[in-house]
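# Observations on the model geometry
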Amino acid sequence: DTGVSQDPRHKITKRGQNVTFRCDPISEHNRLYWYRQTLGQGPEFLTYFQNEAQLEKSRLLSDRFSAERPKGSFSTLEIQRTEQGDSAMYLCASSPDAGAGLNNEKLFFGSGTQLSVL
Amino acid sequence: AQTVTQSQPEMSVQEAETVTLSCTYDTSESDYYLFWYKQPPSRQMILVIRQEAYKQQNATENRFSVNFQKAAKSFSLKISDSQLGDAAMYFCAYRSYWAGNEKLTFGTGTRLTIIP
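So, here is what we can say about the structure in this document.

Reading the values: rules and limits
- Residues numbered from 1 in each chain as written.
- Chains lettered and ligands numbered in written order.
- Predicted model: local features only at pLDDT ≥ 70, side-chain atom pairs only at ≥ 80, totals over all residues.
- Heavy atoms only, no water.
- Buried < 20%, exposed > 50% of the residue type's maximum accessible area, 1.4 Å probe, protein only.
- Helix = DSSP H or I, 4+ residues; strand = E, 2+ residues; numbered from the N terminus.
- Pairing = 2+ DSSP bridges.
- Core = buried A, V, L, I, M, F, W, Y, C linked by side-chain atoms within 4.5 Å.
- Contact = heavy atoms within 4.5 Å.
- Disulfide = S-S within 2.5 Å.

### What about the pairing of strand β11 (residues 113–117) of chain A?
All names here are of chain A. Only one face of β11 is buried, namely the one carrying Thr113, Leu115 and Val117, since none of Gln114 and Ser116 on the opposite face is buried. By the bridge criterion, four bridges tie strand β2 (residues 10–13) to β11 in an arrangement that is parallel. By the bridge assignment for β11, Lys11 is matched with Leu115. Sheet topology note: the strand β9 (residues 88–95)/β11 ladder contains three bridges and is antiparallel. Bridging from a neighbouring strand, Tyr90 pairs with Thr113 of β11.

Written as structure tokens, this is what we have:
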């Protein structure tokens, strides 16, 4: 168990460019979450997956944002036509499936991808 | 919608002393989970302690304990014998008990400084 890993750790881009982040969850975890955290705030929910199915999307997730989880393993979060307001840390988390027993409500977080849009 | 409020942006405590971080929340649900997460400079959110709302007994994990007041919708974290490694941002979080609503709702955090 190597934990949740996110790549890249830092990303600097120019306004208008597209960026893509990757998250690899803990291998036996079926649920995967994306959060966004701006300076001085707590993480805000963006979306989550049960295996490959995207079950919920926050209204924070505008049309420029898209998340995928092909084959129910790793996930990608793409931001098109980035804006300065997209600058934030993007956190990924995973958890076991509901009914998997103890600790299935606990989320395990990665170290995040820090995005800076110039 | 559920909300979580942390009214202390910053707290400091002398090493080896005890500190209490406050959290209140608002919900119409009767079953839910509450969590305290720690975020050190490494940025990775680490679970400190969790509480099931249907349990009256307050959760404890070594030097960490909570004071859960369901009627008052209050969930404070007590850190005993504070250590330098406890310095971090602490976030209170809420999660519904029910399947299909698993997302965590976080407060704005409290930055804890440990004074040597």
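### Regarding the nonpolar core
Residue and element names in this part refer to chain B. Within the largest apolar cluster, 25 residues are counted, with the highest numbers of intra-cluster contacts made by Tyr25, Trp36, Phe75, Leu77 and Tyr90. Looking at this core, the elements that each hand over two or more residues are β3 (19–21), β5 (32–39), β6 (46–52), β8 (64–69), β9 (74–79), β10 (88–96) and β12 (110–115). For this core, the element with the highest residue contribution is β10, accounting for four residues. Among all residues touching Leu77, those that are not within four sequence positions of it are Val19, Thr20, Leu21, Trp36, Val48, Ile49, Phe64, Ser65, Val66 and Tyr90.

### Focus: the state of the cysteines
A complete count under the given rule lists two disulfides over all chains for this structure. A sulfur-sulfur separation of 1.9 Å characterises the disulfide bridge that pairs Cys23 of chain A with Cys92 of chain A. On the S-S bond that ties Cys23 of chain A to Cys92 of chain A, the torsion sits near -70°, and the link is left-handed. Of this pair, Cys23 of chain A sits in strand β3 (residues 19–24) while Cys92 of chain A sits in strand β9, and the two are 69 residues apart along the sequence. You can call Cys92 of chain A buried: its relative accessible area is 0%. Disulfide partner of Cys23 of chain B: Cys92 of chain B, at an S-S distance of 2.0 Å. Disulfide Cys23 of chain B-Cys92 of chain B: torsion about the S-S bond near -70°, hence left-handed. Taken together, the positions of Cys23 of chain B in the loop between β3 and β4 (24–26) and Cys92 of chain B in strand β10 put the pair 69 residues apart, joining distant regions of the chain.

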